[in-house]
Each structure stands twice: as structure tokens, then as C-alpha cells.
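The residues making up each chain are set out below.
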Amino acid sequence: MPQNLDKFQKTKPFRLVKFFTFSSLIIMFTATIVISALNAHWVRSLLLQKSEEYANLLVENLTHQVISRFMIPTLVKYGEIRLRKKEQFLLMDKVVHSTLHSFNVEMVTIYDEKNIISYSFDRTKIGQKNAGGVHYEKAMKKEATSRLLQQGSFLQLLFWYPQETKIITFAPLRAEKRVSPALA
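Calculation rules
- Residues numbered from 1 in each chain as written.
- Predicted model: local features only at pLDDT ≥ 70, side-chain atom pairs only at ≥ 80, totals over all residues.
- Heavy atoms only, no water.
- Phe/Tyr/Trp six-rings, centres within 6.5 Å; stacked < 30°, edge-to-face > 60°.
- Helix = DSSP H or I, 4+ residues; strand = E, 2+ residues; numbered from the N terminus.
- Salt bridge = Lys/Arg side-chain N within 4 Å of Asp/Glu carboxyl O.
- Buried < 20%, exposed > 50% of the residue type's maximum accessible area, 1.4 Å probe, protein only.
- Core = buried A, V, L, I, M, F, W, Y, C linked by side-chain atoms within 4.5 Å.
- Contact = heavy atoms within 4.5 Å.
- Arc of directions from axis to C-beta.
- Pairing = 2+ DSSP bridges.

Chemist: With reference to specific residues and values, describe the packing of aromatic side chains.
Modeler: Under the definition given, this model contains 5 aromatic pairs. Each ring, one from F89 and one from Y119, has its centre 5.5 Å from the other, and the planes form 40 degrees; the classification is tilted. A residue pair is termed long-range when its members are at least 10 positions apart, and F89 in helix α2 (residues 86–100) and Y119 in strand β2 (residues 117–120) qualify at 30 residues. One aromatic cluster is present, built from ring pairs that chain together F89, Y119 and F121.

Chemist: Please give an account of the pattern of salt bridges that cites residues and values.
Modeler: Enumeration according to the criterion identifies 6 salt bridges in this entry. The closest approach of N and O atoms between K166 and E106, which form a salt bridge, is 3.0 Å. One end of the pair, K166, is in strand β4 (residues 164–170); the other, E106, is in the loop between α2 and β1 (109–111), with 60 residues separating them in the sequence. Given a relative accessible area of 24%, K166 falls into the partly exposed group.

Chemist: So what's going on with the nonpolar core? Residues and values would help.
Modeler: Counting 13 residues, the largest nonpolar core has V66, M92, V96, V108 and Y119 as the members making the most contacts within it. Mapped onto this core, the elements with two or more residues apiece are α1 (2–78) and α2. Those residues in contact with M92 that sit more than four places away from it in its chain are V66, F70, L83, I110 and Y119.

Chemist: Could you give an account of unusual backbone geometry, naming the residues involved and the relevant values?
Modeler: A positive phi angle, near 65 degrees, is found at N115, a position not held by glycine. Assignment of secondary structure puts N115 in the loop between β1 and β2. The phi angle at N130 is positive, at roughly 50 degrees, despite the residue not being glycine. Structurally, the position occupied by N130 is in the loop between β2 and α3 (133–140).

Chemist: Explain α3 residue by residue, including any values.
Modeler: Every buried residue of α3 is accounted for by H135, Y136 and A139. What you see down the axis of α3 is that its buried residues fit within an arc of 105 degrees, all on one side.

Chemist: I'd like a rundown of the pairing of β2, residues and numbers included.
Modeler: The side chains of a regular strand alternate, residue by residue, between the two faces of the sheet. By the bridge criterion, 3 bridges tie β1 to β2 in an arrangement that is antiparallel. Looking across to β2, one finds that Y111 is bridged to I117. Here β1 folds back onto β2 in antiparallel fashion, the turn holding 5 residues, of which N115 has a positive phi close to 65 degrees.

In C-alpha cells form, the structure reads like this:
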């Protein structure tokens, strides 16, 4: 009997150490995966926020350029803005392209107050009615909105590594209200 007891004592602690080792490894592996997923989510949220801020700055710059280099000169010269007139459309196109030439902007679409596309990089869209949707309505209320568009396979989207990611920003075209200290 003492031999059996001695054999039992030797195998039992080994099983206990083995159990604690494997359970500790599983817990550490699970915790690492959870922390990595949370970190990836946090980084993506931060990148999305920074991309939205960048897009809003780009929209502000474009708005400023369109107002100062297109709208004011066009109103002074013609008294009205009619993008259907070739000369005005070409001036608008020149202003938009020169403003965005070094930025990675795929599409610019400008709607009028009746939800009709007045200007677009895709000239086939010009004149389309009611194409703005909910984002157009928010822009008419002076709200800028952004939408994240991700494309890829099911697994790429599941693991948050899409093949292509785009941010689509909708913002109102509005004149700046700045008063210089000398004029105030």
C-alpha cells in the first residue's frame, strides 16, 4: 500500500500543475485577444474621428475657395450664378480641381437648394433630382455628417480589415461670417 500511495502523490501534483499551466495559458491567450480587439477598435475609432476632422477641414477649404474664387467673381461679372452656362461651369470646375489637386478626393458633388445636383466630378450626375437623401437634409440644416463605407469579403469585414475604406462627408456650402477687429 505505501507504494500505491507514493505513486498517487507523484501523479496528482503533476496533474494539478499541468491543469494550472494550461488554464493560465488559456486565460492569458483569451485576455490578449480581448485586449487586442479593444485596442484595434479604439484605434479605428480614433482614425475615423481624425479622418472626419480632416474631411471637414477640406470641406471648409473648398467652401472658402468656391465662395472667394467662384461665387463672388461670378456674381460681380454676371449678376447671377448659372452653372449651366459653360463659362461659369468651367470656372467652377477649375476652382474645385485646383483646390483639391493634391488631395485624394474621389468625388465632389454640389447640390442646389432644391436638391438638384449642380456640380459633380461625374458629369452624368449633373441635373439629377432628389439624389441627396438624408445627408442632404442634414446639410440644409447646417449639419455636417460623415458616413464610413467599407468594401471587402465577409472575412475582411468580420475582422475589421476591409479591402477598401472610404469616408463620405456631406457638408453645407456656407459663407463665412468673420468680422475683422479693424471693422468691429
